[in-house]
Structure formats: structure tokens, C-alpha cells
Amino acid sequence: MQMMKVNDIHLHYRVDGPDDGVPVVFANSLGTDLRVFEALLPLLKGKLRFIRYDKRGHGLSDATPRPYRMSDHVADLAGLLDALKVRQAVIVGLSIGGLIALGLSASRPDLVRAIVLMDSAHKIGNDEMWNGRIDVVEKGGIAAIEKGVLERWFPESFRTGRSVELAGWRNMLTRTTVDGYAGSSAAIRDANYEAAARGLKVPVLGIGGSHDLATPPDLVKGTIAIIPGARFVLIDGSGHLPCVDAPAKVAAAMNDFFAENGIG
């Protein structure tokens, strides 16, 4: 287990691959931890150094009391990369992880070589949606939203055909603390990185699952459309976590992107 104190909190992280590999940093989604990318890593080609971490309030990282701001999440990742002496990394952001990637590109461009926005956008949802979800979680805990979240995460074929595996993802979600989930939900609610997206000068790949009910493909494509030179790949049949239900398709898109941009 690898832990590091960053910005007065303890972050859980993991590094795999050669020390001199191109750093590829993964930022997980709301309600998951760094294991969400587990199936994807072995399929990625090239000399790559994988850096994963649990953002604050998730996994084995500290679940600090609310409020959370997106700037907190961004500063946590910047602090981790500084401590690891990482520069010019590929940032792979899943859902809220994509917002963290955009925020990092705006505040610390020295850390960002390229971005993969996976089922993410510069603005996700609205105040009414997030306030409603926060209220339900505060009253009934994560279990009160479990069914709806799993339906957004995975298409029906996954939920029925891979029910044993689904139990693990349910446990990962419901063991997230209320502070971690509600705090990060508020951070998403208040974040809008349109200006950061429009100003990007690094290669960007957008990925979206065709059955994603959390960040539908059109939402992802809307962000990709305002980023100069960015392109979008649709993962047919996938939900909000394509790195879980379709890792081979995601890896194929990322490997093409890496090859096009001399990464690895």
C-alpha cells in the first residue's frame, strides 16, 4: 500500500510500470476508487508509467469533512504529482476525474501533456440535480441512491449478465462515506471548466459510452467540440464506466491516441 500526505490529507496511490515510462495518471469517478481502471491497464501499449490514486473522500484516502471544492481535488492531484516529481503527464479523467484534469490543465499546465476525457464534460449536471442527490444521501446514506447509480454506471446487459461482479461495484459505491460522496457532488455542481476546455493546447481524446445515463454521449461531444483539435470516440453498448464494461474498446481508442501523439 502506498500512502502520501498531501495538502494535510493522506492520499492512497499506486504506481506501476517503468520509472522512465511516460507518466499516465488516472483520476477516478464519483463513488469509485483507483481499482476502476484495473482491467484497462494491461491493454495499454507502450513504455508507460501508470499512476493511480483515490481522490479525497474515496477509497483509502482521507474523507475530510465538507465542504469540498473542485480546486481541492485539483490541488490534491497537483501535490501528489509534485511529490512524485512527475511532469508532462497524460491525465485520464473519468467523470469527475475529467473535471479534475481540466482544472489541472488550467492551474498547472506544466503537469499536463495530453488529456483523455472519459465520460466527462466541462460542466456536468445542474444545481437542482446535485442538490437533490446530496439531500437524499444526507438523509438515507449512499444505499438510498445505489440502484440509480448502478443503472447509470452499467447497461442492463452488464447488470444482469455479470451480477457477481456487480456486487463488488455496489460495495465500492456504498462504502464511500457521505462526506466523500456529497462533498464531491457539491464540487461537481459548482464546477464549470468551459474556459479551460476552450483554452487547451494539448492533445485531447474524448470517450463516451453509448448507454451512459450520467454523462450522455452528446454531453461529452459538446465539450470535445469546443476543444481545438480534440476528437471523440463512442464506445457502443457501454455505460458510464467503459473502462470496466468495455476495457478492450477503450484501450484500442487510447492506444491509437497515444500512437498519433508519440506517447509511449
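In the block above lies the structure referred to throughout.
Residues numbered from 1 in each chain as written. Predicted model: local features only at pLDDT ≥ 70, side-chain atom pairs only at ≥ 80, totals over all residues. Heavy atoms only, no water.

1. Examining the overall build of the protein chain
Okay, step 1: Along the protein chain, the regular secondary structure elements total 11 helices and eight strands.
Okay, step 2: Dimensions of the protein chain, computed from C-alpha atoms along their principal axes, come out at roughly 50 × 40 × 35 Å.
Okay, step 3: A total of 264 residues make up the protein chain; the buried ones form 56% of that total.
Okay, step 4: Intrachain contacts of the protein chain at a sequence separation of at least 6 include 77% that bridge at least 24 residues.
Okay, step 5: Of the accessible surface of the protein chain, which amounts to about 10,600 Å², a share of 52% is contributed by carbon and sulfur atoms.
Okay, step 6: The distance from the centre of the 30 positive side-chain charges to the centre of the 30 negative ones in the protein chain is 2 Å. (Helix = DSSP H or I, 4+ residues; strand = E, 2+ residues; numbered from the N terminus. Buried < 20%, exposed > 50% of the residue type's maximum accessible area, 1.4 Å probe, protein only. Contact = heavy atoms within 4.5 Å. Areas by Shrake-Rupley, 256 points an atom, 1.4 Å probe, with all protein chains shown as cover. Lys, Arg positive; Asp, Glu negative; His and termini not counted. Charge placed at Lys NZ, Arg CZ, Asp CG, Glu CD.)

2. As for a nonpolar patch on the surface
Okay, step 1: Together, Met-1, Met-3 and Leu-60 make up an exposed nonpolar region whose accessible area comes to about 350 Å².
Okay, step 2: Along the chain, Leu-60 turns up in the loop between strand S4 (48-53) and helix H1 (70-83). (Patch = residues over 30% accessible without salt bridge, like charges linked within 9 Å, V, L, I, M, F, W, Y side chains within 5 Å. Salt bridge = Lys/Arg side-chain N within 4 Å of Asp/Glu carboxyl O.)

3. Notes on the nonpolar core
Okay, step 1: Core analysis: the largest hydrophobic core is formed by 92 residues, its most contacted members being Leu-40, Met-70 and Met-254.
Okay, step 2: Aside from chain neighbours lying at most four places away, what touches Leu-40 is Phe-26, Met-118, Cys-243, Pro-247, Val-250, Ala-251 and Met-254. (Core = buried A, V, L, I, M, F, W, Y, C linked by side-chain atoms within 4.5 Å.)

4. Focus: the sheet that holds S4
Okay, step 1: A sheet is described by the order of its strands in space; here eight strands give the open sequence S1-S2-S4-S3-S5-S6-S7-S8, paired in mixed fashion. Looking at strand neighbours, the two that pair on one side only are strand S1 (2-6) and strand S8 (231-235), the edges of this open sheet. Along the sheet, successive strands turn relative to each other by an average axial angle of 25°, direction set aside.
Okay, step 2: Both strand S3 (residues 22-27) and strand S5 (residues 89-94) contribute to a ladder of four bridges, which runs parallel. The partner of Val-25 across the bridge, within S5, is Ile-91.
Okay, step 3: On the sheet, helix H2 (residues 96-107) packs against S3, S4, S5 and strand S6 (112-118) and is oriented at approximately 145° with respect to S5. (Pairing = 2+ DSSP bridges. Axes fitted to C-alpha atoms, helices over the stretch in contact; angles between N-to-C directions.)

5. Topic: the packing of helix H4 (residues 146-153) against helix H6 (residues 163-174)
Okay, step 1: Running from amino to carboxyl end, H4 crosses H6 at an angle of 125°, the nearest separation of the two axes being 11 Å. It follows that H4 is oblique to H6 by the angle criterion. Between H4 and H6 the crossing geometry is right-handed. Within the contact between the two elements, H4 uses Glu-146, Val-149, Leu-150 and Trp-153 and H6 uses Leu-166, Trp-169, Arg-170, Leu-173 and Thr-174. (Parallel < 35°, antiparallel > 145°, perpendicular 65-115°, else oblique. Left-handed = near helix turned anticlockwise from the far one by under 90°.)

6. Points about H6
Okay, step 1: Counted at 1.5 Å a residue, the expected span for H6 with its 12 residues is 16 Å, and the 16 Å between its end C-alpha atoms agrees.
Okay, step 2: Buried residues of H6: Leu-166, Trp-169, Met-172 and Leu-173, and no others. The buried residues of H6 occupy one face: seen down the axis, they fall within an arc of 115°.
Okay, step 3: Tucked inside the fold, the buried residues of H6 contact H4, helix H5 (156-161), helix H7 (178-190) and helix H10 (242-245). (Expected span 1.5 Å × (residues − 1). Arc of directions from axis to C-beta.)

7. Here's the deal with the packing of aromatic side chains
Okay, step 1: Going through the model one piece at a time under the given rule, you end up with six aromatic pairs.
Okay, step 2: With 4.1 Å between their ring centres and 10° between their planes, Phe-154 and Phe-158 make a pair best called stacked. Each of the two residues, Phe-154 as well as Phe-158, counts as buried.
Okay, step 3: An aromatic cluster is built from Trp-153, Phe-154, Phe-158 and Trp-169, whose rings are joined through pairwise contacts. (Phe/Tyr/Trp six-rings, centres within 6.5 Å; stacked < 30°, edge-to-face > 60°.)

8. Some thoughts on the pairing of S8
For a regular strand, side-chain orientation follows a simple rule: the groups alternate between the two sheet faces.
Okay, step 1: Bridging between strand S7 (residues 204-209) and S8 involves five bridges; their strand directions are parallel. The residue of S8 that forms the bridge with Gly-208 is Leu-234.
Okay, step 2: One crossover worth recording links S7 to the parallel S8 by way of helix H9 (residues 217-225), and it is right-handed. (Right-handed = clockwise from strand over helix to strand, strands pointing away.)

9. Section: the pattern of salt bridges
Okay, step 1: Applying the stated criterion across every chain yields a total of 21 salt bridges.
Okay, step 2: Among the ionic pairs, Asp-76 bridges to Arg-56, the shortest N-O distance being 2.7 Å. With a gap of 20 residues between them, Asp-76 in helix H1 and Arg-56 in the loop between S4 and H1 connect regions that are remote in the sequence. Both residues of the pair, Asp-76 and Arg-56, count as buried.
Okay, step 3: Because the salt bridges share partners, they merge into one network encompassing Arg-14, Asp-16, Glu-38 and Arg-52.

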